[in-house]
Amino acid sequence: MNAPPSRLAELGAGPGAPDTGLLTVASVPASHVYVRHIAAERPDGVVRLPDPDPDSPQRSTEQRWWPPVMLDPHWIETHDFDVFHVQFGFDAWTPNDLRQIVDAVHARGRAFVYTAHDLRNPHHDTRDLHDAQLAVLMERADAVVTLTPGAADEIASRWGVTPIVLPHPHVVDVETMARHASTEASAGSSGGSAPFRVGLHVKSLRASMDPLAILPALVEAVRLLPDAVLQVNGHCDVLQPDGARYDAALSSFLRDAHERGELELRVHDFLSDADLWRYLASLDASVLPYRFGTHSGWLEACLDLGTAVVAPTCGYYADQGPVHSYVLDENRFEPASLIDAVHAAYDVGPQPALTVEERRGQRATVAAAHRTLYRSLT
């Protein structure tokens, strides 16, 4: 899960890399958990500007950053920064909008960095717009970062760009990780057992998700296991008739299966971070129902908490960390592969979470690599 050592060495990355003054980064966004966790835990000379409040750009916000105010040539022309770094948030921007944004950054004599999280946008039904957006960002950025070697190879093949590969940092905060590790150690020493719990979280149904396609095989996979439970969680807006994005077919399938005792259905509104971490930690395995995508923060949270991941073969999830893979993409689904993956997770048993020390060490290395990259561009 580390970037190639040769590239990190080239960047001079390392927790002890020297500072030569403050660097101001306009990060789009700054308050997203990924961006917060690629920052060093202690001051290291990199200062990321706070996200302006979309309702009042004079204020900053740590909760509501969309639509990102910084993605505006006027904002770029009137604010001071050393590096402009785009991560997320440009879903609704046209390629021409993005071209003007990059040109505005370069007109200020500043560097433009893009981190390619998604090579197929999970929110877009089709890929045309995102492909056109990516073409602008890849071809005009002064540096491109991505999270996995597989994504880097695809970027090199499609755009002739060689990205810097830096792994996804922890998603769960280190205090929660430490508490979970302590709780797990106490539970292990006290003995006892519980059913093997497989989770499917249908959330609010991104375009990339296709839970109804995999549910019959998933029900069958869990039914064939001794002492196992399938738990499906979903948001009210999708699974209740008065929801804004109500999916009648999915809701009907889940409620009927729940009545038959084939799964446990839990319908609720958005979970807080604390509730989400408790939910993920309660699972033995979490199934990702994505028919397209690239990388996953959900997967990283599972690694933080010791929850096994059953992931589709689309994207580069297997590059991010250990997963049990099954065949699902935009063109095919192999039910037997899902059954095999769930059974493999069951056979392997509980997975140790990545330790706080491992995640903090990784974060320090990733933060230092970003700092050195920024310095190389200024």
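Conventions and cut-offs
Residues numbered from 1 in each chain as written. Predicted model: local features only at pLDDT ≥ 70, side-chain atom pairs only at ≥ 80, totals over all residues. Heavy atoms only, no water. Helix = DSSP H or I, 4+ residues; strand = E, 2+ residues; numbered from the N terminus. Buried < 20%, exposed > 50% of the residue type's maximum accessible area, 1.4 Å probe, protein only. Contact = heavy atoms within 4.5 Å. Areas by Shrake-Rupley, 256 points an atom, 1.4 Å probe, with all protein chains shown as cover. Pairing = 2+ DSSP bridges. Axes fitted to C-alpha atoms, helices over the stretch in contact; angles between N-to-C directions. Phe/Tyr/Trp six-rings, centres within 6.5 Å; stacked < 30°, edge-to-face > 60°. Salt bridge = Lys/Arg side-chain N within 4 Å of Asp/Glu carboxyl O. Parallel < 35°, antiparallel > 145°, perpendicular 65-115°, else oblique. Left-handed = near helix turned anticlockwise from the far one by under 90°. Nonpolar A, V, L, I, M, F, W, Y, C, P; charged D, E, K, R; others polar. Right-handed = clockwise from strand over helix to strand, strands pointing away.

Outline the overall build of the chain, listing residues and values.
Secondary structure summary: the chain contains 15 helices and 14 strands in total. Within the chain, buried positions represent 53% of all 378 residues. Considering only contacts within the chain whose residues lie at least 6 apart along the sequence, 68% involve residues at least 24 apart. Summing over all exposed atoms, the chain offers an accessible surface of approximately 16600 Å²; the carbon and sulfur share of this is 50%.

Break down the sheet that holds strand β11 (residues 264–268) for me, with residues and values.
In space, the six strands of this open sheet follow the order β11-β10-β9-β12-β13-β14, with parallel pairing throughout. Looking at which strands have only one partner, the edges of the open sheet turn out to be β11 and β14 (324–326). Averaged over neighbouring strand pairs, the angle between their axes works out to 25° when direction is ignored. Looking at chain direction, strand β12 (residues 285–287) and strand β13 (residues 308–312) are connected through three bridges and run parallel. Residue pairing for β13: S286 is matched across the bridge by V309. Across the sheet, helix α11 (residues 273–282) is in contact with β9 (196–203), β10 (228–235) and β12; its angle to β9 comes to roughly 140°.

Explain the environment of A26 residue by residue, including any values.
The residue A26 is located in strand β1 (residues 23–28) in this model. Along the primary structure A26 and M70 are separated by 44 residues, whereas in three dimensions their C-alpha atoms are 7.6 Å apart. Sequence-distant contacts of A26, that is, excluding residues within four places in its chain, are made with L49, M70, W75, F81, V83, F84 and H85.

So what's going on with the packing of aromatic side chains? Which residues, and what values?
Across all of its chains, the model carries nine aromatic pairs by this definition. Aromatic pair Y34 and F88: ring centres 6.4 Å apart, planes at 85°, arrangement edge-to-face. Here F88 lies in the loop between β5 (83–86) and α4 (95–107) and Y34 lies in helix α2 (residues 33–37), a separation of 54 residues in the sequence. The residues Y34 and F88 share a single accessibility class, namely buried. Arranged with centres 6.3 Å apart and planes meeting at 85°, the rings of Y326 and F333 form a pair that is edge-to-face.

I'd like to hear about helix α6 (residues 149–159), residue by residue, with values.
Three- or four-residue spacings in an α-helix give side chains the same orientation, since the helix completes a turn every 3.6 residues. For α6, the set of buried residues is G150, A151, A152, E154, I155 and W159. The inward-facing, buried residues of α6 contact β6 (111–116), α5 (128–140), β7 (143–146), β8 (164–165) and α13 (317–320). Once α6 finishes, G160 follows within two positions and takes phi at roughly 65°, a positive value.

Kindly report on the pattern of salt bridges, identifying the contributing residues and their values.
Summed over all chains, the structure comprises 17 salt bridges. The partner of R360 in a salt bridge is E41, and the shortest N-O contact between them spans 2.9 Å. In this pair, R360 is assigned in helix α15 (residues 356–376) and E41 in the loop between α2 and β2 (46–48), connecting sequence segments 319 residues apart. Take R360: its relative accessible area is 39%, and that puts it in the partly exposed class.

Give a description of the sheet that holds β1 that names residues and reports values.
Reading across the sheet, the six strands line up as β2-β1-β5-β6-β7-β8 and stay open at both edges, with parallel pairing between neighbours. The two strands at the open ends of the sheet, each matched to only one other strand, are β2 and β8. In terms of strand pairing, β1 meets β5 through four bridges, oriented parallel. Among the inter-strand pairings, S27 is bridged to a residue of β5, identified as H85. Here α4 sits on the sheet in contact with β5 and β6, set at roughly 140° to β6.

Just give me the short version of the packing of helix α8 (residues 211–223) against helix α10 (residues 248–259), but keep the residues and values in it.
At a minimum axis separation of 10 Å, α8 and α10 run at an interaxial angle of 15°. Taken together, α8 and α10 sit at an angle that is classed as roughly parallel. Considering only the axes of α8 and α10, their crossing is left-handed. Contact residues: α8 offers P211, L212, L215, P216 and V219, while α10 offers A249, L250, F253 and L254.

Help me get a handle on the packing of α11 against helix α12 (residues 297–305), residues and values and all.
Running from amino to carboxyl end, α11 crosses α12 at an angle of 70°, the nearest separation of the two axes being 9 Å. Taken together, the axes of α11 and α12 lie roughly perpendicular to each other. Considering how the two elements wind past one another, α11 and α12 form a crossing that is right-handed. Where α11 abuts α12, its residues L276, W277, Y279, L280 and A281 lie against W298, A301, C302 and L305. Here the contact of α11 with α12 is built from residues that sort into nine nonpolar, no polar and no charged.

Tell me about the pairing of β5, and name the residues and values.
Alternating positions in β5 separate into two faces, V83 and H85 on one and F84 and V86 on the other, with burial throughout. Here β5 pairs with β6 via four bridges, running parallel. Considered in β6, the bridge of V83 is made with A111. A crossover links β5 with its parallel partner β6, the connecting element being α4, and its sense is right-handed.

All quantities given are derived from atomic positions and should not be read as evidence of function.
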